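Residue-level listing of the chains:
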Amino acid sequence: MAQQDSSITTRAENYSAWYNDVIAQGDLLDDAPVRGCKVLKPHGFGIWENIQKFFDQRFKDTGHVNAYFPLFIPMSFLSKEAAHVEGFAMECALVTHHRLRTTKDEAGNVAVEPDPASQLEEPLVVRPTSETIIWHMYGRWIDSWRDLPILINQWANVVRWEMRTRPFLRTAEFLWQEGHTAHATEAEAVEETLKMLDIYAEVAETKLAVPVVKGRKSARERFAGAVETYTIEAMMQNGWALQAGTSHFLGQNFAKAFDVTFQTKEETRDYVWATSWGVSTRLVGAVIMTHSDDDGLVLPPEVAPIQVVLLPAGPPKVWGQVMPKIDEIAAGLKAAGIRVKVDDRDNVRSGAKFFEWERKGVPLRLEIGPRDMEQGQAFAKRRTGGDKFGIAFDGIVEAVQAELTTIQCELFERARAQREACTYRVDSRAEFVEKIETQPGFYLIPWGGDDADEEAVRDETRATLRCFPMEQEPCDGLTCPLTGKPAQEWAIFARAY
RNA sequence: CGGGGUGUAGCGCAGUCUGGUAGCGCACCUGCUUUGGGAGCAGGGGGCCGUCAGUUCGAAUCUGACCACCCCGACCA
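Residues numbered from 1 in each chain as written. Chains lettered and ligands numbered in written order. Predicted model: local features only at pLDDT ≥ 70, side-chain atom pairs only at ≥ 80, totals over all residues. Heavy atoms only, no water.

Caption draft 1: Region of interest: helix 2 (residues 42-61). Here helix 2 contains 20 residues, and its C-alpha end-to-end distance of 28 Å stays within 8% of the 28 Å for a straight helix at 1.5 Å per residue. Note on helix 2: the residue one or two positions beyond its end, glycine 63, has a positive phi of about 90°. (Helix = DSSP H or I, 4+ residues; strand = E, 2+ residues; numbered from the N terminus. Expected span 1.5 Å × (residues − 1).)

Caption draft 2: Representation of the pairing of strand 13 (residues 241-251). Of all the 11 residues making up strand 13, 10 are buried; the element is thus mostly covered by neighbouring parts of the structure. In this sheet, strand 13 lies alongside strand 12 (residues 228-235) in antiparallel orientation, the contact comprising eight bridges. Paired with threonine 229 across the strands is histidine 248, a residue of strand 13. In this antiparallel pair of consecutive strands, strand 12 and strand 13, the connection spans five residues, and glycine 239 shows a positive phi of 85°. One ladder, built from five bridges, connects strand 13 with strand 16 (residues 273-280); its direction is antiparallel. By the bridge assignment, threonine 246 is partnered in strand 16 with glycine 278. (Buried < 20%, exposed > 50% of the residue type's maximum accessible area, 1.4 Å probe, protein only. Pairing = 2+ DSSP bridges.)

Caption draft 3: The arrangement of the packing of aromatic side chains in detail. Inspection of every chain in the model, using the stated rule, returns 18 aromatic pairs. Ring plane angle 25° and centroid distance 5.9 Å describe the contact between phenylalanine 55 and phenylalanine 59, whose orientation is recorded as stacked. Here phenylalanine 55 pairs with phenylalanine 59, and both are found in helix 2, just four residues apart, close to one helical turn. Seen from their ring centres, tyrosine 138 and tryptophan 141 are 5.7 Å apart, and the 45° between their planes marks the pair as tilted. (Phe/Tyr/Trp six-rings, centres within 6.5 Å; stacked < 30°, edge-to-face > 60°.)

Caption draft 4: Local environment of the domain arrangement of chain A. Taken domain by domain, chain A comprises domain 1 (15-96 + 112-291), domain 2 (308-410) and domain 3 (423-494). A straight line from the C-alpha centre of domain 1 to that of domain 3 covers 28 Å. Contact with domain 1, which involves 21 residues of that partner, is made by 18 residues of domain 3. Approximately 1,600 Å² of surface area, both sides summed, lies buried where domain 1 meets domain 3, with 59% of it carried by carbon and sulfur atoms. Looking at the side of domain 1 facing domain 3, the largest losses of area belong to Arg216, Arg220 and Met235, adding up to 37% of the total buried there. (Domains from an automatic or database assignment. Contact = heavy atoms within 4.5 Å. Buried area = accessible area lost by both parts, 1.4 Å probe.)

Caption draft 5: Highlighting the sheet that holds strand 23 (residues 442-447). Read across the sheet, 11 strands follow the order 3-9-10-16-13-12-11-24-25-23-22 without closing on themselves; strand pairing throughout is mixed. Every other strand in the sheet has two partners, leaving strand 3 (65-66) and strand 22 (423-425) as the edge strands with one partner each. Both strand 22 and strand 23 contribute to a ladder of three bridges, which runs parallel. Across the sheet, the residue bridging to threonine 423 is phenylalanine 442, located in strand 23. Its contacts with the sheet place helix 2 against strand 3, strand 9 (150-159), strand 10 (173-183) and strand 16, and it is angled at close to 165° to strand 9. Across the face of the sheet, helix 5 (residues 131-141) comes into contact with strand 9, strand 10, strand 13 and strand 16 while running at roughly 30° to strand 10. (Axes fitted to C-alpha atoms, helices over the stretch in contact; angles between N-to-C directions.)

Caption draft 6: Molecular detail of empty space enclosed by the protein. With the rule as written, the count across this model stands at one cavity of 30 Å³ or more. Here the largest cavity defines a volume of roughly 70 Å³. For the largest cavity, the full set of lining residues is Val309, Phe354, Trp357, Glu358, Val362, Leu364, Arg365, Lys381, Arg382 and Arg383. (1 Å grid on protein atoms, 1.4 Å probe; cavity = no way out; pocket = protein on both sides within 12 Å on 5 of 7 lines; lining within 4 Å. Points joined across faces, edges and corners; volume = space filled by probe spheres on them.)

Caption draft 7: Inspection of helix 10 (residues 350-359) at higher detail. Along helix 10, the residues classified as buried are Lys353, Phe354, Glu356, Trp357 and Arg359. Residues of helix 10 that are buried sit in contact with helix 1 (15-25), strand 17 (308-312), helix 9 (319-335), strand 18 (340-342) and strand 19 (364-368). Positive phi appears at glycine 361, one or two residues downstream of helix 10, with a value of about 80°.

Caption draft 8: Broad picture of the pattern of salt bridges. Counted under the stated rule, the structure contains 35 salt bridges. Arginine 466 is paired through a salt bridge with glutamate 221; the nearest N and O atoms lie 3.7 Å apart. Here arginine 466 is found in strand 24 (residues 464-469), whereas its partner glutamate 221 is found in the loop between strand 11 (212-216) and strand 12, with 245 residues between them in sequence. Looking at arginine 466, the relative accessible area reads 5%, which means it is buried. (Salt bridge = Lys/Arg side-chain N within 4 Å of Asp/Glu carboxyl O.)

Caption draft 9: View of the nonpolar core. Within the largest apolar cluster, 46 residues are counted, with the highest numbers of intra-cluster contacts made by Ile51, Phe55 and Ile288. Where this core is concerned, the elements lending two or more residues are helix 1, helix 2, helix 6 (186-206), strand 12, strand 13, strand 16 and helix 8 (282-291). Tallying contributions element by element places helix 6 first for this core, with seven residues. Of all hydrophobic cores here, the second largest spans 27 residues; its members include Val426, Ile436, Tyr443 and Cys467. (Core = buried A, V, L, I, M, F, W, Y, C linked by side-chain atoms within 4.5 Å.)

Caption draft 10: Just the sheet that holds strand 8 (residues 119-126), in detail. The sheet built from three strands is open, its strands ordered 4-8-5 with antiparallel pairing. Sheet topology places strand 4 (72-74) and strand 5 (93-97) at the edges, where each strand pairs with a single neighbour. Between one strand and the next, the sheet's axes are offset by a mean angle of 40°, whatever the strand orientation. In the sheet, strand 5 pairs with strand 8 via four bridges, with the strands oriented antiparallel. Of the residues in strand 8, the one forming a bridge with valine 95 is leucine 124.

Here it is, written out as structure tokens:
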């Protein structure tokens, strides 16, 4: 039987072609007519919806509330915080007119162009992030210590005109959440920053089954306008690092830039302390790259839009015997909160359905045919491999739940083992330069360099300082193998997306 | 913005050198037969050949300009 043109490039052959194939065959995205923009198709958006659900619940559990700030920001706002404007100016989309007018060419074809009479006095920036407009508003809302803290999150789209885009990992427009909090004290803001980092790590590991390293960014990699940036870093199957979420301690930088002060309990005036934190649809890319294989998408049950697909086996003419049972089981699974799809299309053969749902990463498939009816069981197959096996109708809901739990755990453990296997230490710069090329992964370095050293390493190796892990062994007395200077702190270096 | 590549049916491509009625595979529609891992046969529908301007009796094909997208770099969640 000939393979259809639904084949997927293998990871060994070409990792980035594999990634694009997995996304196309998984029916997650489609190209939009605008460069760098993608349509999130239902199966792709469904993954994001599940991720949203986990975070939104936790944000609310920790006292945050959702709000929504506008897409458009007055251009002048961007320039109020010096580092911030440096970081984002290069990638901002602008709105300069508010009206079109129609024109006709010689052939009489109608076209449209900006109406020069409608040019805006001050262009509007399409938000690349919302710190500026939010701090403008916070200035109006904060008077005294009694107005603090403000713990607001927003789910939104942002636009960054990137030169190079990759599906999910970097697109011109993307979806995310951005939390923006305002506090009376530095300690409280720092605590908030770290609390949100913990939530990011917990969801990444327990829900997305993506192991992450919590860490602090170097000055070079810090968010534009932040005092400290914390990150969760994941490792993809090719050994590259992916920054999967960031939490920033903004100090009083934005409060000063937007002149946001409050009256303290002691009746003095002080600038407000701030944090911001975000995760984006990039997490969907992290899930895809962490778990998928050469047969296509593999999704952890917790984030899979469809967790179980149920389908009748045998020719449609015998389905009358099995469909009532399938519907009954589907109803039972749904009632238990399991996301089920019954695939009863009679114009697609069973074999074709198997491949389709495997390409789409559905964790568990159940087939029921006349033979299974006689034996009182469904025929099951895990997306993650192994032979088909029977699951008795009696107690099937519990059995399926147990299967999904097992799959979830296995995926996390597999990913963690993969990361451990690709985490290295080196004794010299020469060894590092050679190995980072041939053996991508996380390189644990007792780092002793400064900004300039960091940049030099990057220029030579294309590897960057991903983070200083929060969990640190002492490195007293060690010498940094990359700079020859005394080690100050353990750092992870890697190639990164 | 540099270097490379590609624009022909929904998708993947041939045809372009050497100008002469628009092709193939998959997908789609109809019918029959099939059906526990990608069905077979027969019939059928679908095109401004990226855009504009040239050359020519005649252009997917030759010439020029432009546009778009993809890959590889520099920038980045």
